[in-house]
Each structure stands twice: as C-alpha cells, then as structure tokens.
Amino acid sequence: MSSRAESFLLGLIGEGVLPSLTPALHEGEADRQGLRLLYRPIDLLEVGLPPAAVGDLLEAAARLGFNGLNVTHPCKQLVLPFLDAVSDDARRLGAVNTVLIQDGRFIGHNTDFSGFGSAFAAGLPHAAVHRVVQLGAGGAGSAVAYAVLGAGAQTLDLVDVDAGRAADRAAELRRLFPDRTITGRGTAELARLVPQADGLVNCTPMGMKEHPGASFDLELLTPRHWVADIVYRPIETALVQFARSRGCQVLDGGRMAVGQAADAFRLFTGREANAGRMRAHFLDLISKEGSALEGISHLGGAQESDSRLSRAAG
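Residues numbered from 1 in each chain as written. Predicted model: local features only at pLDDT ≥ 70, side-chain atom pairs only at ≥ 80, totals over all residues. Heavy atoms only, no water.

Caption draft 1: Just the packing of aromatic side chains, in detail. One pass over the structure, following the stated rule, counts 5 aromatic pairs. Ring plane angle 70° and centroid distance 5.0 Å describe the contact between F120 and W226, whose orientation is recorded as edge-to-face. Taken as a pair, F120 in helix 5 (residues 111-123) and W226 in strand 11 (residues 226-229) lie far apart in primary sequence, 106 residues in all. Take F120: its relative accessible area is 8%, and that puts it in the buried class. Between Y146 and F177 the ring centres are 5.6 Å apart and the planes differ by 70°, which places this aromatic pair in the edge-to-face class. Highlighted residues: Y146 in helix 6 (residues 139-150) and F177 in the loop between helix 7 (163-176) and strand 9 (181-186), separated in sequence by 31 residues. For Y146, a relative accessible area of 8% corresponds to the buried category. Judged by its relative accessible area of 13%, F177 is buried. (Phe/Tyr/Trp six-rings, centres within 6.5 Å; stacked < 30°, edge-to-face > 60°. Helix = DSSP H or I, 4+ residues; strand = E, 2+ residues; numbered from the N terminus. Buried < 20%, exposed > 50% of the residue type's maximum accessible area, 1.4 Å probe, protein only.)

Listed below in structure tokens is the structure:
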C-alpha cells in the first residue's frame, strides 16, 4: 500500500461537535495501527454556517483532499441529496452519518445502527429479544430500533413523549419489517409495557448531565430485564446505575459510541478496528474528562471562597 493510502484526513460535521470524543478515538486507533490519521471537527455553530451548507462542505472537503466525513445532528438527513451512492441500510433508515470520498464521489453509510448492533451482540450476547420496549423515537432512536429488529426482536414497542411521532416511526419500521409487531405508544403506557418486555433501550436525552434522572419509573425494572442506554455523558447514568443494582444485564451508552466509531474507522481506512482497545481508550477519555470537570468545579469553589474573603476584607 502506498504512503498516500496509509494517511487519512477525516472530519466531523455537525452542531456543537467540538467536545466530541470521535476524533480522539479515530486518531488513537490509527496510531496503534501505524497509520497517519488526522481527524478534525467542523462545528457549524463555530464557523457560522447553516445545516443546509452540508453539501458545500462536502465539496470543499473533496477539494482539500479529505478521505471522508462523519455527519451528525442536524445533517444526517440533509446530506442525502448530495450523495452519489448510499448503502442499503442507510437508504432504508433515511439517514447517513458516514460519508466516504472516493474518486470525487460521495458514498453514504450509517454506522449508528451497526454500531448499536455490534455493541448489543458483544455486550448482551444471550439477551432475549422476543419483546423490547424502546424509549425515544427520534433520529438516534430510528437507528437503534432498526438494529434491535435486526437482532431479532419480534415485538418492538416504541414509546415517546410525542405519541404521534412514535406512531409514525412505528409505521415506517413496519414497512421494513412486515413480519414483526411494531407499535407506537405514549409514555402513559409504560407501566403496562415494561413488565411484558424482555428488555428496554433508552434513546432519550434523559440521563445526560443536562437532563438528569430517568425517563420512566425505574421501579418497573426487575432482575430478569436487560437494559441498554445510548447516553454516555455520564457513562453511569441513573438508569444504568439502578439497573445494575437491580441485577439486570446492562449495556452502557459508551458501547454504541465505540461501535459506530469502530465501524466508521473500517469504512474510512479499510482496516478492522480493535473494538476492545477503542473501548478502553474511550473509558480513559471519559475518566479524564470527569476528572478535569471535577478539578474545574473545585477551582471554581476556591475562587468563590477567595472572592467572599476579599469582599469581607474590603
């Protein structure tokens, strides 16, 4: 393989992507495989561009020699008209998060669904999937639902605060999986649905630092349930912590994050990523991030104390 083929220039397009761990995951795995890889976030908010500019950014990336781009909120659907080819799964989902740039052509893939699928298979290999409840029917929820059905779920109950959105998503999925039972429900039905389910997936923002807590009554969980979360900041969400304490099998949100990154790495470089190594790197990054935030919090407290002392002295 030529030296040119051994080096890669990648990017991530989206809003608020500067804190993303994806660049570090890709660069770290490339270093361990002896590849030269540079991965840079392209934050629409920082550069002052609207989401509709994603097509112009693709063209610019091609001119600058990029090998590929990841695409995240709010551009996963907007990017579709600018692509020359789309994988079958991405076409069915109507969303792309990975774009390869090859010979001036843009080829779209979706590693959100495959990343969750591989994470689920590795982290919950013996989990029963006869009936699954999924909380959240938004963009991420669509990819996860597709993966859950791909894993063999016979009945999938999509539950959302917007029951109409859940019903619309369920109808779309029924067209793709006509032999399955897929329903769209409102949150008021959770008390009835969770006891009937083998497992539960959280695809809502609940559990994030900005949205603490859980999206349903955790007392509904029993040790026979398995639980998967896609939130990974923090990685130990209230749902994950409670489920573990109940004796449930648990899949934390970091598993999907690593799974989709590993799949994108393979598409970009043509090399298999070491998912276990990427998982360890991911956990290290999360740990350091938490330590840094804790340090800032302590520093802020000390500065506030110094300020109070200064005011008192004045």
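Caption draft 2: Representation of the pairing of strand 11 in the model. Neither face of strand 11 is open: one carries W226 and A228, the other V227 and D229, and all of them are buried. In the sheet, strand 10 (residues 199-202) pairs with strand 11 via 4 bridges, with the strands oriented parallel. Along strand 11, the bridge assignment pairs N202 with D229. Examined bridge by bridge, strand 11 and strand 12 (residues 249-251) share 3 bridges and lie parallel to one another. Paired with V227 across the strands is V250, a residue of strand 12. Of the crossover connections in this fold, the one passing from strand 11 over helix 9 (residues 238-246) to the parallel strand 12 is right-handed. (Pairing = 2+ DSSP bridges. Right-handed = clockwise from strand over helix to strand, strands pointing away.)

Caption draft 3: Expanded view of the packing of helix 1 (residues 22-32) against helix 10 (residues 254-269). Interaxial distance between helix 1 and helix 10 falls to 10 Å at its minimum, and their mutual angle equals 55°. The angle between the axes of helix 1 and helix 10 places the two elements in the oblique class. You can see that helix 1 and helix 10 cross each other, and the crossing is right-handed. When helix 1 is examined against helix 10, the residues T22, L25, H26, E29 and A30 are found in contact with a partner set consisting of Q260, A261, A264, F265 and F268. (Axes fitted to C-alpha atoms, helices over the stretch in contact; angles between N-to-C directions. Parallel < 35°, antiparallel > 145°, perpendicular 65-115°, else oblique. Left-handed = near helix turned anticlockwise from the far one by under 90°. Contact = heavy atoms within 4.5 Å.)

Caption draft 4: Region of the structure containing the side chain of N110. As for its position among the elements, N110 is in the loop between strand 6 (105-109) and helix 5. At a separation of 3.1 Å, a polar atom in the side chain of N110 contacts the main-chain carbonyl oxygen of A95. Within the structure, the side chain of N110 is placed 2.9 Å from the backbone nitrogen of D112, a separation counted as a polar contact. (Polar contact = N/O pair within 3.5 Å; in protein donor to acceptor, adjacent residues only side chain to side chain.)

Caption draft 5: Quick look at the sheet that holds strand 8 (residues 155-160). Across the sheet, 6 strands lie side by side as 9-8-7-10-11-12; this open sheet has parallel pairing. Each edge of the open sheet carries a strand with a single partner, namely strand 9 and strand 12. Here the average twist between neighbouring strands, direction ignored, is 15°. Of the pairings in the sheet, the one linking strand 7 (residues 131-135) to strand 8 comprises 5 bridges and is parallel in character. Of the residues in strand 8, the one forming a bridge with L135 is V159.

Caption draft 6: Expanded view of the confidence of the model for the chain. In this model, the chain carries a mean pLDDT of 92, and residues with pLDDT of at least 70 account for 91%. Confidence drops under a pLDDT of 50 for residues 301-314, and excluding neighbours within four residues, the segment shows 0 contacts in the predicted structure. (pLDDT = per-residue confidence, 0-100.)

Caption draft 7: Spotlight on unusual backbone geometry. In this chain, H73 is followed by P74 through a cis amide linkage whose omega measures 5°. The topology assignment puts P74 in the loop between strand 3 (68-71) and strand 4 (85-86). For D103, which is not glycine, the phi dihedral falls at a positive 55°. Mapping D103 onto the fold places it in the loop between strand 5 (98-102) and strand 6. Relative accessible area serves as the criterion here: at 81%, D103 is assigned to the exposed category.

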